[in-house]
Amino acid sequence: MFSDTLRQRLLVFSIGLIAMTTSYIASADTIDDKVDALLAKMTLPEKIGQMNQYNGFWDVTGPAPSEGDAEKKFSHLTQGLVGSVLNVSGVEQVRELQKLVVEESRLGIPLMFGLDVIHGHKTLSPIPLAEAASWDLQAIEKSARVAAIESSARGINWTFAPMVDISRDARWGRVMEGAGEDTYLGQKVGVARVKGFQGEDLSKPDTIAATAKHLAGYGFSEAGRDYNLVDVGNYTLYNVILPPFKSAVDAGVKTVMNSFNTLNGVPATASKLLQRDILKTQWGFDGFIISDWASTKEMIYHGYSEDLKHAAEQAVKAGSDMDMESYAYVNHLQELVQEGKVKESHIDDAVRRILKVKFELGLFDDPYRYVDDARETEQVYNAAHSQAALDMAKRSIVMLKNEQNLLPLSKEQKKIAVIGPLAEDKNSPLGSWRIGSDDNTAVSLLEGLANYTHDISYQKGADFILGEQSFIKELVVNESDTSGFPDAVALAKESDVVIMMLGEHGFHSGEARSRTKLDFPGVQQELLEAVYAVNKNIVLLVQTGRPLVLDWAEKHIPSILVTWQLGSQSGNAIAKVLFGDYNPSGKLPMSFPRSVGQVPLYYNVMQTGRPVTEGTVFWSHYIDERNDALFPFGHGLSYSHFTYSNLRIDDSNKKAIKVTVDVTNDSAMDGEEVVQLYIRDRVASLTRPIKELKGFEKISLKAAETESVQFTLTDDELGFYQLDGNFVVENGDFDVMVGTSSMSGIAGEFRL
Ligand code: GLC
């Protein structure tokens, strides 16, 4: 396009100009001053460019852009019309694009490189729902730390995580990406992840900006159908949905992503209430908001925007600062400002927020801070990260049932049959959010077991998925071919114990993977029953991205563990638990239903005016199913056994009520227990749930050891939000329960 000489002159001129600009910025002392100094030099198109995010040129995580966009997008890079790219990773690719922008655009403002580092980057930890099942905040923070180290070594400086959407609906495919149904657990897990990603100093090369997403209500998509409308009252919005976002903001999260759904008729991307009024004004959020993939453009389909220009106007006015893959801002904001429809002050506010994060990331000190070939080689898939992934995975496994003490298996156990297509699957344990990692890199169950014993025989029993498996294609499930059953049954018949791994494929959950059934897809249930008919010593491993209906298994199968999708070290973690080298300690972060008809299902329900009234029909119930979960929130067994005693409550100080309980490991095996505290506000100005988690502590107890565990209840735990968003604490009587799950513990009470 340009002659070499002219190009060289342009390059020298640009470098000179950048040096001058940079030095000018350098002379300002605070980051805010530097931002203002830079902003003052920017043209309107350059400002708008910072608000524009393009997908990279290699991977997609949403509807792919139309043809011919790539060339235009590349030219925008050198014109300073792009503030960030997503789905570009790897030092070589990042360096190429960063160099283009820094050395060829007029002001050389560095790009941010965003990616969905949801549960690891190359080395994958368990899916977020599985990590939440560990209730181990230290392990969760460390897992995010490892993800930040590995992804930043490949040039990434921004992750679109943690997802802090609360959801009570297992039909929604993205429950795998959050921390489950409970707000309090969701707050704690979200904060741990933000801290892990961002570390203590965002300018360090191994820390990355985090994103609290999706603001707001996405987990309440009607009927569990992804991208569907959300219609909730202010009670649920303020008391269930928003607190995890507030906690993330208080923990210093640098960005927030809005969401695809409408909230009570308004697309979240255009919600001034959520973005300007609550997040930025009431909560004082000083980072920036990124839209979700093309969520600005999708307001046209919602019937909220006339066209892309109208959508751009609505979104920027509502406080959506950066536009991901809608091309709305880059194509229409300048015109809207010139027409007086959008104030330039809105643009300046958005750009200030974006530039501030870039300064905090250290990108102006060194645009290539995250670009280091040696670090990439040293950090990717390294042994320490695999060890962390293994540790996180074993802590995430939940043992639902273990009758006849079939588990742990003896290391001398002979004649072990392994049955089920997922047992050899090295892909599904990676879950659906594995972008950036590599397919078939998980340790399969078979491989993990082989590290313990070779007295194992395997039969798949049936194909699970037919044809190609990919994030952007629907799965085709084998619904009829049972030709492998006879061999599986024959093996089971001659074996002493059968380990069956059944459940979901990695792409059965995740974005755009809502289900109307919560059973084992395909012919797996038939396979389970066929094997059971000849051998009842079955250990069922449920590999899944969501709660499933396990009603038949619960009645027939002696040992059941939820192994979720445990990431790169899946098989090794499961083997450790099966052979007793790790005593399972996980607890359910979501209720497992008896029937899909119960969904949305959650433990912290309201009592209603018709609570259980045995012997009558006129109470809040189903005539064909129980109300309660098959396996409740907070449930999880151990090879140990824990008893609770001596609950004492000191409510002398109404601002710090002390609740103490003794926990004893009355077994012969050291173990860990998640001690959970639930409260109930009996009477209040708004009805309150029959119980709510307001404290938990994961403790280790040696065999026969007793430990006193103390919780402190303050206004934060005892109060609630009124319909206008005000937080109140009301006097009255409270019930307390401390125990091993939401359904089992010892009770007490106090008066506020
Ligand atoms: C996706 C998801 C969002 C993700 C973004 C970028 O559609 O909704 O969570 O961060 O697009 O991949």
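Residues numbered from 1 in each chain as written. Predicted model: local features only at pLDDT ≥ 70, side-chain atom pairs only at ≥ 80, totals over all residues. Heavy atoms only, no water.

Q: Can you explain the overall build of the protein chain? Please cite residues and give values.
A: Summing up its helical and strand segments, the protein chain has 23 helices and 27 strands in all. With the C-alpha coordinates of the protein chain rotated into their principal frame, the extents come out at 80 × 60 × 45 Å. Expressed as a percentage of the 752 residues in the protein chain, the buried residues total 62%. Carbon and sulfur atoms form 50% of the exposed surface of the protein chain, whose accessible area is close to 27600 Å². Across the protein chain, the centroid of the 73 positively charged side chains sits 2 Å from that of the 102 negatively charged ones. (Helix = DSSP H or I, 4+ residues; strand = E, 2+ residues; numbered from the N terminus. Buried < 20%, exposed > 50% of the residue type's maximum accessible area, 1.4 Å probe, protein only. Areas by Shrake-Rupley, 256 points an atom, 1.4 Å probe, with all protein chains shown as cover. Lys, Arg positive; Asp, Glu negative; His and termini not counted. Charge placed at Lys NZ, Arg CZ, Asp CG, Glu CD.)

Q: So, the packing of aromatic side chains: which residues are in play, and what are the values?
A: For the coordinates displayed, the defined rule picks out 20 aromatic pairs. A centroid spacing of 6.2 Å and a plane angle of 85° characterise the contact between Y184 and F696, whose relative ring orientation is edge-to-face. On the criterion of sequence distance, the pair formed by Y184 in helix α8 (residues 183-198) and F696 in strand β22 (residues 692-701) is long-range, its members being 512 residues apart. Each member of the pair, Y184 as well as F696, carries the same accessibility label: buried. (Phe/Tyr/Trp six-rings, centres within 6.5 Å; stacked < 30°, edge-to-face > 60°.)

Q: Which residues make up helix α5 (residues 91-104), and what values go with them?
A: With 14 residues, α5 should reach 20 Å at 1.5 Å per residue; the first-to-last C-alpha distance of 19 Å fits that figure. Buried within α5 we find V91, V94, L97, Q98, L100, V101 and V102. (Expected span 1.5 Å × (residues − 1).)

Q: Outline the pairing of strand β20 (residues 657-665), supporting the account with residue identities and numerical values.
A: Burial analysis of β20 places eight of its nine residues in the buried class, the great majority of the element. Counted along the chain from strand β19 (residues 642-650) to the antiparallel partner β20, the turn is six residues long. Bridging between β20 and strand β23 (residues 706-713) involves eight bridges; their strand directions are antiparallel. Following the sheet pairing, V663 is matched in β23 by E707. (Pairing = 2+ DSSP bridges.)

Q: Explain the side chain of R375 residue by residue, including any values.
A: Structurally, R375 can be placed in helix α16 (residues 373-379). Leave out the neighbours within four places in its chain, and R375 touches I149, S152, A153, P205 and D206. (Contact = heavy atoms within 4.5 Å.)

Q: So what's going on with the nonpolar core? Which residues, and what values?
A: Residues L550, W564 and L578 are the most contacted members of the largest nonpolar core, which totals 180 residues. In this view, L578 contacts L407, P408, L409, L449, I499, V539, L541, L561 and Y639; residues no more than four positions away in its chain are not counted. Within the second largest apolar cluster, 20 residues are counted, among which are V659, V663, L713 and F750. (Core = buried A, V, L, I, M, F, W, Y, C linked by side-chain atoms within 4.5 Å.)

Q: Could you give an account of the environment of S667, with specific residues and numbers?
A: Residue position: S667 is located in the loop between β20 and β21 (671-681). On the accessibility criterion, S667 (17% relative accessible area) is buried. It is 33 Å that separates the C-alpha atoms of S667 and A384, two residues lying 283 residues apart in sequence. Ignoring anything within four residues of it in the chain, the contact list for S667 reads S640, H641, A703 and A704. Of the polar contacts made by the side chain of S667, one reaches the side chain of N665; its length is 2.7 Å. (Polar contact = N/O pair within 3.5 Å; in protein donor to acceptor, adjacent residues only side chain to side chain.)

Q: Outline the pairing of strand β3 (residues 112-115), listing residues and values.
A: Taking every second residue as pointing to the same face, both faces of β3 are buried, with M112 and G114 on one and F113 and L115 on the other. Relative to β3, strand β2 (residues 84-86) runs parallel, the two being bridged by three bridges. Among the inter-strand pairings, L86 is bridged to a residue of β3, identified as G114. At this point the chain moves from β2, through α5, to the parallel β3, and the crossover so formed is right-handed. As defined by bridge partners, β3 adjoins strand β4 (residues 158-159) across two bridges and the pair is classed as parallel. In the sheet register, L115 faces β4, and the bridge partner there is T159. (Right-handed = clockwise from strand over helix to strand, strands pointing away.)

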